[in-house]
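This is what each chain is made of:
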Amino acid sequence: MWEDLEVALEKIETGKMKKKPSSDDLGFGVHFTDHMFLMKWDKASGWHDARICPYQDFVMNPASMVFHYGQAIFEGMKAYRGKDGQLYLFRPQDNFERMNRSAIRMCMPRIQAEKMVKVLKALVYLDKEWVPAAEGTTLYIRPTMIAVEPALGVRPAAEYYFFIIMSPVGSYYVEGCAPTKIFVSDEYVRAVKGGVGEVKTTGNYAASLYMSEIAKKAGCTQVLWLDACEHKYIEEVGTSNIFFMLDDTLVTPPLEGSILGGITKASVIQLAGSWGVDIVERKISIDEVLEANDNGILQEVFGSGTAAVISPVGELFYKEKTHVINGGQTGKLSARLYTELQAIQNGSQDDRFKWVQRVG
Ligand code: PLP
Ligand code: COI
């Protein structure tokens, strides 16, 4: 069926093209490109009606199941403009494969990852003028799947939309790549083993908002979540995975069912490993981290993610107390990872891991 899926192309009329924002005014996810991809699924036809078309609103039935029971999944990836002017995607197939794992968990139809990489390349190429060139700017890509069947029974929907929208973005955090202040949540939790924390479904993010607002009031940009049973072991940040450089070993929590398996996390492990850094995926408690900080053996802490890139943590706020990490400075490893990962992503460094795909 996938071999037969034809993708129609409806280009926007030249006169209707939007004005592109200047690269110092991008924000994150507020401007959208001229085109999008859309396809529909139902039980009888599978995926059909696939098209790259002008960016447009949907007319939705208020009974659409996504509004009521939250059957929705998404991905986050980026297109990068290299210094050579070429456009690159970073491990795009991995994102679509992760989306399929999310689809299985949420009882939604799967997509064909290889085909979607091809479609994405065509879409990015069509909107290539939208990929910003300034340092630290990229084109953020948001593949999304939602349940659109109008019905109120609690069961998997029989109709879905899959779409890809794209947005030129600056840095996700207001701090840019400067160290962030992070609130360690000892009251609310993000996910529990056996739940849906390890997939990218919208409800995980809705559930995080209440705690994020508390964190914001305390002057923090993000929340560091602890495990749901003991409120003791570190899981991840709201939009990124987390790493601790502790006594010359890089420690990161294992993927045991409640954490999103980040593509950046996997890349950091591979990249730092290739430099000879000792890396351990193991449980690590907030008490161990703060004790190591007090004893001067916590060298640096950073988050990793598509939106966040490598985001050094300058302060952890836990139980009403601020703990300054590495003098509030970006650590050596964080800086090296930030620079080298971006250099691979924008094609200016040899892609020895075969992570990058050129567009066009
Ligand atoms: N954890 C969560 C909850 C996220 O939303 C993200 C971002 O997608 C990540 C981790 C990092 O994943 P990736 O590196 O694939 O972007
Ligand atoms: C990403 O890193 O792509 C994310 O999905 C994080 C966030 C913007 C939800």
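Cut-off values and rules
- Residues numbered from 1 in each chain as written.
- Chains lettered and ligands numbered in written order.
- Predicted model: local features only at pLDDT ≥ 70, side-chain atom pairs only at ≥ 80, totals over all residues.
- Heavy atoms only, no water.
- Helix = DSSP H or I, 4+ residues; strand = E, 2+ residues; numbered from the N terminus.
- Buried < 20%, exposed > 50% of the residue type's maximum accessible area, 1.4 Å probe, protein only.
- Contact = heavy atoms within 4.5 Å.
- Areas by Shrake-Rupley, 256 points an atom, 1.4 Å probe, with all protein chains shown as cover.
- Lys, Arg positive; Asp, Glu negative; His and termini not counted.
- Charge placed at Lys NZ, Arg CZ, Asp CG, Glu CD.
- Core = buried A, V, L, I, M, F, W, Y, C linked by side-chain atoms within 4.5 Å.
- Near = heavy atom within 4 Å.
- Polar contact = N/O pair within 3.5 Å; in protein donor to acceptor, adjacent residues only side chain to side chain.
- Nonpolar A, V, L, I, M, F, W, Y, C, P; charged D, E, K, R; others polar.
- Salt bridge = Lys/Arg side-chain N within 4 Å of Asp/Glu carboxyl O.
- Domains from an automatic or database assignment.
- Expected span 1.5 Å × (residues − 1).
- Pairing = 2+ DSSP bridges.
- Axes fitted to C-alpha atoms, helices over the stretch in contact; angles between N-to-C directions.
- Parallel < 35°, antiparallel > 145°, perpendicular 65-115°, else oblique.
- Buried area = accessible area lost by both parts, 1.4 Å probe.

Participant: I keep staring at the overall build of the protein chain and nothing clicks. Help me out?
Facilitator: Each helix and strand in the protein chain was counted, giving seven helices and 18 strands. Based on the C-alpha atoms only, the size of the protein chain along its principal axes is roughly 60 × 50 × 35 Å. In the protein chain, buried positions account for 51% of the 360 residues. Intrachain contacts of the protein chain at a sequence separation of at least 6 include 72% that bridge at least 24 residues. Total accessible area on the protein chain stands at roughly 16,300 Å², and carbon and sulfur atoms take up 50% of it. Of the charged side chains in the protein chain, 39 are positive and 45 negative, and the gap between their average positions amounts to 3 Å.

Participant: Which parts of the structure should I look at to understand the nonpolar core?
Facilitator: What tends to happen in soluble globular proteins is that the nonpolar side chains get buried as a cluster. Formed by 49 residues in total, the largest nonpolar core has its most connected members in Phe37, Phe96, Val124 and Phe162. Apart from residues no more than four positions distant in its own chain, Val124 is found in contact with Ala79, Leu87, Leu89, Val131, Ile141, Met166 and Val359. Ranked by size, the runner-up nonpolar core spans 23 residues in total, among them Val184, Ile234, Val289 and Ala292.

Participant: Looking at this structure, I do not really get the site of ligand 1. What am I missing?
Facilitator: Near ligand 1, the surroundings consist of 16 residues, among which Lys200, Tyr205, Glu236, Thr264 and Thr306 are the closest. The contact in question runs from an oxygen atom of ligand 1 to an N or O atom on the side chain of Tyr205, over 2.5 Å. Here Ile263 contributes a backbone N or O atom positioned 2.8 Å from an oxygen atom of ligand 1. Relative to its free-state accessible area of 380 Å², ligand 1 is covered by the protein chains to the extent of 97%. Of the residues belonging to the shell around ligand 1, the class tally is three nonpolar, nine polar and four charged.

Participant: Please clarify how the pattern of salt bridges should be interpreted in this entry.
Facilitator: Oppositely charged side chains may form a pair once their charged atoms are brought near each other. Taken as a whole and assessed by the stated rule, the structure comprises 14 salt bridges. For Lys319, the salt bridge goes to Asp186, with nearest N and O atoms at 3.0 Å. Highlighted residues: Lys319 in the loop between strand E16 (309-318) and strand E17 (321-324) and Asp186 in the loop between strand E9 (180-185) and helix H4 (202-217), separated in sequence by 133 residues. Given the relative accessible area of 54%, Lys319 is considered exposed. The exposure class of Asp186 is partly exposed, given its relative accessible area of 30%. Between Glu236 and Arg190 there is a salt bridge, with its nearest N and O atoms 2.8 Å apart. In this pair, Glu236 is assigned in strand E11 (residues 234-237) and Arg190 in the loop between E9 and H4, connecting sequence segments 46 residues apart. Across this residue pair, the class does not change: Glu236 and Arg190 are buried. Beyond isolated ion pairs, a larger network of salt bridges with shared partners links Lys40, Asp49 and Arg51.

Participant: Whenever I open this one, the site of ligand 2 confuses me. Can you help?
Facilitator: Phe74, Gly76, Tyr140, Arg142, Tyr172, Lys200, Tyr205, Thr239, Thr306 and Ala307 make up every residue found near ligand 2. In this structure, Ala307 approaches ligand 2 through a main-chain N or O atom, which is 2.9 Å from an oxygen atom. Here the shell around ligand 2 gathers at least three residues from each of two domains, domain 1 (8-169) and domain 2 (180-345).

Participant: Looking at this structure, how should I read the environment of Val154?
Facilitator: Counting through the fold element by element, Val154 comes out in the loop between strand E7 (138-147) and strand E8 (159-169). Separated by 85 residues in sequence, Val154 and Tyr69 have C-alpha atoms that sit 7.3 Å apart.

Participant: Is there a simple way to think about H4 in this case?
Facilitator: For H4, with 16 residues, the first-to-last C-alpha span of 24 Å sits near the 22 Å given by 1.5 Å per residue. Restricting attention to buried positions, one finds in H4 the residues Asn204, Ser208, Met211 and Ala215. In the stretch just after H4, Gly219 is the one whose phi turns positive, near 85°.

Participant: Honestly, the pairing of strand E12 (residues 241-246) in this entry has me stumped. Any pointers?
Facilitator: Side-chain direction in a regular strand flips from residue to residue, so the side chains alternate between the two faces of the sheet. Taking burial as the measure, the six residues of E12 include six buried ones, the bulk of the element. The side-chain alternation of E12 yields two buried faces, one formed by Asn241, Phe243 and Met245 and the other by Ile242, Phe244 and Leu246. As paired strands, E12 and strand E15 (residues 298-305) are joined by six bridges and run antiparallel to one another. If you follow Asn241 over to E15, its bridge partner there is Ser304. Strand direction decides the pairing type here: E12 and strand E13 (residues 249-252), joined by three bridges, are antiparallel. Within E13, the residue paired with Leu246 across the bridge is Thr249. Taking the residues that link successive antiparallel strands as the turn, the E12-E13 hairpin has two residues, and the phi of Asp247 there is positive, at about 55°.

Participant: What is the right way to look at the packing of helix H5 (residues 263-274) against helix H7 (residues 332-345) in this model?
Facilitator: When two helices pack together, their arrangement is given by the angle between the helix axes and by the axis-to-axis distance. The N-to-C vectors of H5 and H7 enclose an angle of 105°; their axes lie 11 Å apart at closest approach. On the basis of their axis angle, the class for H5 and H7 is roughly perpendicular. Judged by residue contacts, Thr264, Ser267, Val268, Leu271 and Ala272 of H5 engage Leu337, Glu340, Leu341 and Ile344 from H7. Class assignment of the residues belonging to the contact of H5 with H7 gives a composition of six nonpolar, two polar and one charged.

Participant: I'm lost on the domain arrangement of the protein chain in this one. Help?
Facilitator: How big an interface is tends to be reported as the loss of accessible area on association of its parts. In terms of domains, the protein chain is made up of domain 1 (8-169) and domain 2 (180-345). Spacing between the C-alpha centres of domain 1 and domain 2 amounts to 27 Å. Among the residues domain 1 hides against domain 2, the three largest losses belong to Phe74, Phe90 and Arg98. Together they make up 34% of the total. Taken together, domain 1 and domain 2 are joined by 10 residue pairs in polar contact (both at pLDDT 80 or more). Of all the secondary-structure elements, those providing two or more residues to the side of domain 1 that touches domain 2 are strand E4 (72-74), strand E5 (77-81), strand E6 (87-90) and helix H2 (92-105).

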